[in-house]
Amino acid sequence: MQDSLRQELAAVAARLVAESGLDYRSARRKAARMVLGEQSIPRGSVPDDEDLEAALREHLDLFDPEHAERLARRRRIAIEWMRELEDFTPLACGAVWKGVAAEHAPIHLQLFHDNPKDVEIDLLNRGVRYEPLTQPGLRDRDTEVEALSFIWRGEPVLISLHDTRDLRGALRRDAQGRAERGDRLALESLYAAAEEGGPHG
């Protein structure tokens with residue numbers, strides 16, 4: 001029962017991410033209300049990020065025929081911007097890195113630099129009009145960092161600005177050998193593999 005409920009919650013949450021643009025935490029919370037009403041979720045039945053990501057990948061494969069093309073397009077734009085912003089040590093993360101580019105998911109780049117204003121000035125000099133936002137920090141999820149959101153060639157872009165100290169450990173892999181983010185060369189490898197008909201990266 002636990003596994004069945006966990007899978008159901010993951011599937012509902014994945015649909016909310018894909019169709020409504022909710023973040024994982026909000027999608028999990030809303031999925032629980034939709035499936036269980038006011039009941040509390042039994043211990044062990046809360047889907048984690050890996051469960052949700054797997055369910056999202058399955059949802060996109062089944063119900064979003066434009067996903068592969070959208071992912072390729074957004075990865076190309078991410079690579080372009082990583083070249084342009086090379087001085088700020090850009091890393092790709094989120095949808096374009098994990099290969100689950102739902103319609104609302106932005107191209108998320110994390111930059112590592114000691115002065116966020118330098119990044120803002122660089123974008124302004126390129127004629128980019130951005131909206132300032134905040135994003136959770138890397139070392140402490142309860143702290144927030146500056147972020148810049150804009151549309152580029154019709155695609156949503158999100159750039160979060162991190163201190164250079166946050167770069168330490170940023171490319172560390174988990175026990176399964178997966179990385180949460182990657183540099184331009186790594187993203188180019190994922191893009192090339194997908195173009196050659198390889199598995200989602």
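Just above, that's the structure.
Attention here is on the structure that accompanies the text. (Residues numbered from 1 in each chain as written. Predicted model: local features only at pLDDT ≥ 70, side-chain atom pairs only at ≥ 80, totals over all residues. Heavy atoms only, no water.)

**What about the overall build of the chain?**
Note the threshold: A helix here means a DSSP run of H or I that spans at least four residues, while a strand means a run of E at least two residues long, and both kinds are numbered starting from the N terminus. With the radius of gyration taken over C-alpha atoms, the globule rule is written as 2.2 Å times the number of residues to the power 0.38. For every residue, the accessible area (1.4 Å probe, protein chains only) is compared with the maximum for its type, and the residue is labelled buried under 20%, exposed over 50%, or partly exposed between those bounds. The contact definition used throughout considers only heavy atoms, calling two residues in contact when any of these lie within 4.5 Å. To measure how exposed things are, a 1.4 Å probe is used in the Shrake-Rupley method; for residues, cover is taken only from the protein chains shown. Just so you know, the count uses Lys and Arg for positive and Asp and Glu for negative, and it drops His and the chain ends. Charge placement uses NZ in Lys and CZ in Arg. For Asp and Glu, CG and CD serve respectively.
Counting its secondary structure elements, the chain contains seven helices and six strands. The N-to-C order of helical and strand elements in the chain reads α-α-α-α-β-α-β-α-β-β-β-β-α. Here the C-alpha radius of gyration of the chain, 18 Å, is about what a compact globule of 201 residues would show, namely 17 Å. Seen along its three principal axes, the alpha-carbon backbone of the chain occupies a region of about 55 × 40 × 35 Å. The burial tally for the chain puts 41% of its 201 residues in the buried class. In the chain, the share of contacts with a sequence separation of at least 24, taken over all contacts with a separation of at least 6, comes to 65%. As displayed, the chain has an accessible area near 11700 Å², and 47% of this comes from carbon and sulfur atoms. In the chain, 29 side chains carry a positive charge and 38 a negative one; their mean positions are 2 Å apart.

**Remarks on the nonpolar core**
Put simply, the rule is: Buried Ala, Val, Leu, Ile, Met, Phe, Trp, Tyr and Cys residues that are joined via side-chain atoms within 4.5 Å together make up what is termed a nonpolar core.
Residues W81, L123, I159 and L187 are the most contacted members of the largest nonpolar core, which totals 26 residues. Mapped onto this core, the elements with two or more residues apiece are α4 (67–84), α5 (94–98), β2 (107–112), α6 (116–125), β4 (144–152), β5 (155–162) and α7 (184–195). Per-element accounting of this core gives the leading share, six residues, to α4. Non-local contacts of W81, meaning those with residues more than four positions away in its chain, are made with L109, L123, R126, V128, F150 and W152.

**A few points about the pattern of salt bridges**
We apply this condition: Each salt bridge in this description consists of a side-chain nitrogen of Lys or Arg and a carboxyl oxygen of Asp or Glu lying within 4 Å of one another.
In the structure shown here, the tally under the stated rule is 18 salt bridges. Measuring nitrogen to oxygen at the nearest pair gives 2.4 Å for the salt bridge that ties R73 to E155. Of this pair, R73 sits in helix α4 while E155 sits in strand β5, placing them 82 residues apart in sequence. Of the residues examined, R73 reaches a relative accessible area of 28% and is grouped as partly exposed.

**Considering the sheet that holds strand β3 (residues 131–136)**
So the rule is basically this: Two strands qualify as a pair provided DSSP detects at least 2 bridges between them.
On the basis of which strands lie adjacent, the open sheet formed by six strands has the order β3-β4-β5-β2-β1-β6 and mixed pairing. Edge positions in the sheet fall to β3 and β6 (181–182), since each has one partner strand and no second. When β2 meets β5, the two strands line up parallel, connected through six bridges. Bridging across to β5, Q110 finds its partner in S160.

**A closer look at the packing of aromatic side chains**
Just so we agree on the cut-off: Whether two aromatic rings pair depends on their centres lying within 6.5 Å, for rings of Phe, Tyr and Trp, where Trp uses its six-membered ring; planes under 30 degrees apart make the pair stacked, over 60 edge-to-face, and the rest tilted.
Within this structure, the stated rule accounts for two aromatic pairs. Taken together, a centroid distance of 5.5 Å and an interplanar angle of 65 degrees make the contact between W81 and F150 edge-to-face. Of the two residues, W81 sits in helix α4 while F150 sits in strand β4, which places them 69 residues apart along the sequence. Comparing W81 with F150, the two get one shared label, buried. Measuring from ring centre to ring centre gives 5.0 Å for W81 and W152, while their planes differ by 75 degrees; the resulting arrangement is edge-to-face. On the criterion of sequence distance, the pair formed by W81 in helix α4 and W152 in strand β4 is long-range, its members being 71 residues apart. W152 gets classed as partly exposed once you look at its relative accessible area, which sits at 24%. The rings of W81, F150 and W152 are connected pair by pair, giving a single aromatic cluster.

**Concerning the environment of Q135**
Mapped onto the elements, Q135 comes out in strand β3. Along the primary structure Q135 and L148 are separated by 13 residues, whereas in three dimensions their C-alpha atoms are 9.5 Å apart.

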